[in-house]
Amino acid sequence: MTYMGFPVVSADPSITKDSDIVVILAPALAHESICREIKPFLTKGAIIGTLPAHGGFDLVARRALEDKIDEVIMFGTVGIPWTTRIIEYGKKVEVYSAKANLRMSFHRRVPEVPALTLLSAMFIGTTFQMGNNYLDCTLWPVNNVIHPGILYGRWKDWDGIPVAEKPLFYNGVDDFTASKLEGMSDEIQQTAKAAQKELGVELAVPSLKEFLENSYGDLIPDRTSLKTIFRTSPAYQGLTHPMTQNENGFSPDFKNRYLTEDLPHGLAVVRGIAALVDVPTPCIDEVLTWSQKACGQSYLVDGKMTGNDISHSGVPQRFGFKDISELIF
């Protein structure tokens, strides 16, 4: 497919040649391979990034781009502009809502133009705001907390018997689940504060509740608590747990990206950073331990980030990092 003579849909990485800005919109599991494939075609000074960038995008890109990392400028956002679902694959999606504001950061500080202006024009309805440090993106409490946390809250005591209907995902958040989400959010806050103190940089990582309020604003009917936000936000209405169906009903799909992506490029990354600044994370450990067992992966072993699946993640220990300062480059 072409537009004005230029290819716009192609599996050929060379279409990125001479591009000023490369925006990667793909699952985090594909980021490293994409960066490796487009590396030969990136020009000096090019701006390259992804939406979203939590989960160690900068670290896997650093590994994939090697020496070229010093020639490009990396950016990332803390989330995606829209909540959507596929209606017809490759042709049509339904947009549930657009985030009013979305924060982004650069590895090397650059003028807000053109990246902020370009992204705001591309994603109508969302205003992009400049962050202070790339760790803002990495530590931002979003899907890395929300997806594993809600799955844990709903299925931790599941007896293996299929259920009659698909349970609501976000709208089904109860008091217990909300408490775990808040606990993980608090531990991320403590991690950000410890990193900020040790690095001498300013970070602006909000609580999960603050992030949701800033994203959806007045669209949320009841902002009393984290539980009421999930239960009443129109962005989440009607969305169900990822399930598989058989003749007996529905069973949770623990091989879904909510775990297979949001652990190696999400919660496990946050846990790895917390370890670098010696912040205890009992709530994250509780959810991560259950989640990795549910999806058949291994990251946290005997309190250390040494599991076998670290090898294909954005966890800083994968790259041999032992000090928080090594994440700043």
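The coordinates are above.
Residues numbered from 1 in each chain as written. Predicted model: local features only at pLDDT ≥ 70, side-chain atom pairs only at ≥ 80, totals over all residues. Heavy atoms only, no water.

Trainee: Any details on the overall build of the chain? Residues and values, ideally.
Mentor: Assigned secondary structure in the chain consists of 11 helices and 13 strands. Relative to its length of 329 residues, the chain is compact, with a C-alpha radius of gyration of 20 Å against a globular reference of 20 Å. Structurally, the chain occupies a C-alpha span of about 55 × 45 × 40 Å along its principal axes. Across the 329 residues in the chain, those meeting the buried criterion constitute 52%. For the chain, the accessible area works out to roughly 15,200 Å², and carbon and sulfur atoms hold 51% of it. For the chain, the distance from the average site of its 31 positive side-chain charges to the average site of its 39 negative ones is 1 Å. (Helix = DSSP H or I, 4+ residues; strand = E, 2+ residues; numbered from the N terminus. Rg over C-alpha atoms; globule rule 2.2 N^0.38 Å. Buried < 20%, exposed > 50% of the residue type's maximum accessible area, 1.4 Å probe, protein only. Areas by Shrake-Rupley, 256 points an atom, 1.4 Å probe, with all protein chains shown as cover. Lys, Arg positive; Asp, Glu negative; His and termini not counted. Charge placed at Lys NZ, Arg CZ, Asp CG, Glu CD.)

Trainee: Tell me about the sheet that holds strand β8 (residues 101–106), and please be specific about residues and values.
Mentor: Pairing within the open sheet is mixed, and its five strands lie in the order β3-β4-β5-β8-β9. Two strands close off the open sheet at either side, each with one partner strand: β3 (21–24) and β9 (127–130). When strand polarity is set aside, the average angle formed by the axes of neighbouring strands in this sheet is 25°. Contacting β3 and β4 (47–50), helix α1 (residues 31–38) runs over the sheet at an angle of about 155° to β3. Contacts from helix α2 (residues 57–65) reach β3, β4 and β5 (73–77) within the one sheet, and its direction differs from that of β5 by about 150°. (Pairing = 2+ DSSP bridges. Axes fitted to C-alpha atoms, helices over the stretch in contact; angles between N-to-C directions. Contact = heavy atoms within 4.5 Å.)

Trainee: Tell me about the packing of aromatic side chains, and name the residues and values.
Mentor: One pair of aromatic rings is described through two measures. These are the centre distance and the angle between the planes. Following the criterion strictly, the structure yields 16 aromatic pairs and no others. When the centroid spacing of 4.1 Å and the interplanar angle of 20° are considered together, the rings of Y170 and Y236 count as stacked. With Y170 in the loop between α5 (143–155) and α6 (175–199) and Y236 in the loop between α8 (226–232) and β10 (243–246), this pair connects stretches of sequence that are 66 residues apart. Side by side, Y170 and Y236 carry an identical accessibility label, which is buried. Lying over the aromatic face of W155, R154 brings its terminal NZ or CZ to 4.2 Å of the ring centre. Across from the ring centre of F176, 5.0 Å away, lies the NZ or CZ of K156, which sits over that ring. (Phe/Tyr/Trp six-rings, centres within 6.5 Å; stacked < 30°, edge-to-face > 60°. Lys NZ or Arg CZ within 6 Å of the ring centre and 35° of its normal.)

Trainee: Break down the packing of α6 against helix α11 (residues 282–295) for me, citing the residues and quoting the values.
Mentor: Where α6 meets α11, the axes come as close as 8 Å, and the angle between the chain directions of the two elements is 125°. Between α6 and α11, the interaxial angle falls into the category oblique. As for how α6 packs across α11, the hand of that crossing is left-handed. Across the interface between the two elements, K180, G183, M184, E187 and I188 from α6 touch P282, C283, I284, E286 and V287 from α11. (Parallel < 35°, antiparallel > 145°, perpendicular 65-115°, else oblique. Left-handed = near helix turned anticlockwise from the far one by under 90°.)

Trainee: So what about the packing of α5 against α6? Which residues, and what values?
Mentor: Packing of α5 against α6 brings their axes to within 9 Å, and their N-to-C directions diverge by 145°. Regarding α5 and α6, the two cross each other, and that crossing is right-handed. Of the residues in α6, those in contact with V145, I146, G149, I150, Y152, G153 and R154 of α5 are F176, T177, K180, L181, M184 and I188. The residue makeup of the contact of α5 with α6, split by class, is eight nonpolar, three polar and two charged. (Nonpolar A, V, L, I, M, F, W, Y, C, P; charged D, E, K, R; others polar.)

Trainee: Requested: an account of the pattern of salt bridges, with residues and values cited.
Mentor: Counted according to the given criterion, the structure contains 11 salt bridges. The shortest N-O distance in the salt bridge between D67 and K39 comes to 3.7 Å. Taken together, the residues D67 in the loop between α2 and β5 and K39 in the loop between α1 and β4 connect sequence positions 28 residues apart. For D67, a relative accessible area of 58% puts it in the exposed group. With a closest N to O distance of 3.2 Å, D175 and K227 form a salt bridge. In this pair, D175 is assigned in helix α6 and K227 in helix α8, connecting sequence segments 52 residues apart. Residue D175 is classed as exposed on the basis of its relative accessible area of 55%. (Salt bridge = Lys/Arg side-chain N within 4 Å of Asp/Glu carboxyl O.)

Trainee: Account for the pairing of β4, with residues named and values stated.
Mentor: Where burial is concerned, the two faces of β4 agree: the one with I47 and G49 and the one with I48 and T50 are both buried. Two strands pair when backbone bridges link them, and β3 and β4 are joined in this way by four bridges, in the parallel orientation. Note on β4: the bridge partner recorded for V22 is I48. Between β3 and its parallel partner β4, the chain crosses via α1, and the hand of that crossover is right-handed. In this sheet, β5 lies alongside β4 in parallel orientation, the contact comprising four bridges. Among the inter-strand pairings, I47 is bridged to a residue of β5, identified as I73. (Right-handed = clockwise from strand over helix to strand, strands pointing away.)

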